[in-house]
Amino acid sequence: MLWGSGPLFAHPHVFVQAGVDIVLGEEGVEGVWQHWVFDEYFSAWVIEDFDLNKDGQFCEAELKVVYEETFRNLENHGFFTRILKNGKTLPITGIEGFAVEIREGHAIYSFYVPMKLLVGSEKESFLIAVYDEDFYCHLFFPPEKLGVKGKTELWRVESRPREMPELAYYFGFMNPVALEIHVMRP
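Just so we're clear, the structure is a prediction, and the values are computed from it rather than from any experiment.

**Student:** Just checking my understanding: could you explain the sheet that holds strand S10 (residues 156–163) for this structure?
**Tutor:** Within a sheet, neighbouring strands are paired by backbone hydrogen bonds and run either parallel or antiparallel to one another. Within the open sheet, the five strands sit side by side as S4-S3-S7-S11-S10. Their pairing is antiparallel. Strand pairing shows two members of the sheet lacking a second neighbour, strand S4 (88–90) and S10, which therefore form its edges. Strand after strand, the sheet turns through a mean of 30 degrees between neighbouring axes, direction not considered. Looking at chain direction, strand S7 (residues 124–130) and strand S11 (residues 177–184) are connected through five bridges and run antiparallel. Pairing of phenylalanine 126 across the sheet is with isoleucine 181, part of S11.

**Student:** Mind showing me how you'd approach helix H2 (residues 60–71) here?
**Tutor:** Those residues of H2 that fall on the buried side of the exposure criterion are Glu62, Leu63, Val66, Tyr67, Thr70 and Phe71. Projected down its long axis, H2 shows its buried positions confined to an angular sector of 140 degrees, all on one face. Summarising the geometry of H2, the exposed residues directed more than 90 degrees from the buried face are Ala61, Lys64 and Glu69. Those residues of H2 that are buried lie in contact with strand S2 (28–38), helix H1 (40–50), strand S5 (96–103) and strand S6 (106–118).

**Student:** Before we go on, may I ask you to explain the packing of H1 against H2 in this structure?
**Tutor:** Two measures define how a pair of helices packs: the angle their axes make with one another and the distance between the axes. Axis separation between H1 and H2 bottoms out at 10 Å; the angle between their running directions is 130 degrees. As summarised for this structure, H1 and H2 are arranged oblique, according to the angle between their axes. Here H1 runs over H2; the crossing is right-handed. Of the residues in H2, those in contact with Phe42, Trp45 and Phe50 of H1 are Glu62, Val65, Val66, Glu69 and Thr70. A per-class count over the contact of H1 with H2 returns five nonpolar, one polar and two charged.

**Student:** Looking at this model, I keep getting lost on the confidence of the model for the protein chain. Mind explaining?
**Tutor:** A low pLDDT means the predicted coordinates there should not be read in detail. With 95% of its residues at a pLDDT of 70 or more, the protein chain has an overall mean of 94. Predicted confidence for residues 1–6 stays below pLDDT 50, and this span has three contacts to residues more than four positions away or in other chains.

**Student:** Sorry, what's going on with the packing of aromatic side chains here?
**Tutor:** One pass over the structure, following the stated rule, counts 23 aromatic pairs. Summarising the aromatic geometry, the rings of tryptophan 36 and phenylalanine 80 are spaced 6.1 Å apart at their centres and angled 15 degrees between planes, so their arrangement reads as stacked. Taken together, the positions of tryptophan 36 in strand S2 and phenylalanine 80 in the loop between H2 and strand S3 (81–85) put the pair 44 residues apart, joining distant regions of the chain. Chaining the aromatic ring pairs together yields one cluster made of Trp36, Phe38, Phe42, Trp45, Phe50, Tyr67, Phe71, Phe79, Phe80, Phe98, Tyr109 and Phe111.

**Student:** Please explain the pairing of S2 as it appears in this structure.
**Tutor:** Regular strands place their side chains on alternate faces of the sheet. In the sheet, strand S1 (residues 14–24) pairs with S2 via nine bridges, with the strands oriented antiparallel. By the bridge assignment, valine 20 is partnered in S2 with glutamine 34. The turn linking S1 back onto S2 is made up of three residues. Two elements, S2 and S6, share nine bridges in a ladder whose sense is antiparallel. Bridge assignment links glycine 28 to a residue of S6, and that residue is leucine 118.

What counts, and where the lines are drawn
- Residues numbered from 1 in each chain as written.
- Predicted model: local features only at pLDDT ≥ 70, side-chain atom pairs only at ≥ 80, totals over all residues.
- Heavy atoms only, no water.
- Pairing = 2+ DSSP bridges.
- Helix = DSSP H or I, 4+ residues; strand = E, 2+ residues; numbered from the N terminus.
- Axes fitted to C-alpha atoms, helices over the stretch in contact; angles between N-to-C directions.
- Buried < 20%, exposed > 50% of the residue type's maximum accessible area, 1.4 Å probe, protein only.
- Arc of directions from axis to C-beta.
- Contact = heavy atoms within 4.5 Å.
- Parallel < 35°, antiparallel > 145°, perpendicular 65-115°, else oblique.
- Left-handed = near helix turned anticlockwise from the far one by under 90°.
- Nonpolar A, V, L, I, M, F, W, Y, C, P; charged D, E, K, R; others polar.
- pLDDT = per-residue confidence, 0-100.
- Phe/Tyr/Trp six-rings, centres within 6.5 Å; stacked < 30°, edge-to-face > 60°.

This is the structure we're talking about:
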């Protein structure tokens, strides 16, 4: 059989604009908030099927079902998130604060990825890339602007996009672009 189904012939079915905010604490980076704005088709499905009372927002019961039906499986894929420090992938063991809002007809998922990056007297750097190696979802990343929250007065943060050909996927045709983040004392 010449043609088949599966990852070989996968292409994006869902499009997501991904944004990030790093969260700073007393000792350095505490985590990363992500905000995913979905395309109008996926959004329409989520809103139609899961906002059961049609009030334009998700109550706790609805939110639990959205998580179980549309997001929980991403645990198996690291929530499409790779955080690298010194060339090594930091494990993502879970997320917190999953929420869904509806804005201008789009479903927006927000969630927090806890991590600990202690920053001493020297600059610390890490990379974050958000992409789907199976290419079922196309995540537009990095955002134009990195958000910074928490103890911002204690830190100076610089960021820039960086192509990551070493993480190429989809038969080498797709190179994710990571956000290279540097955190240091002012």
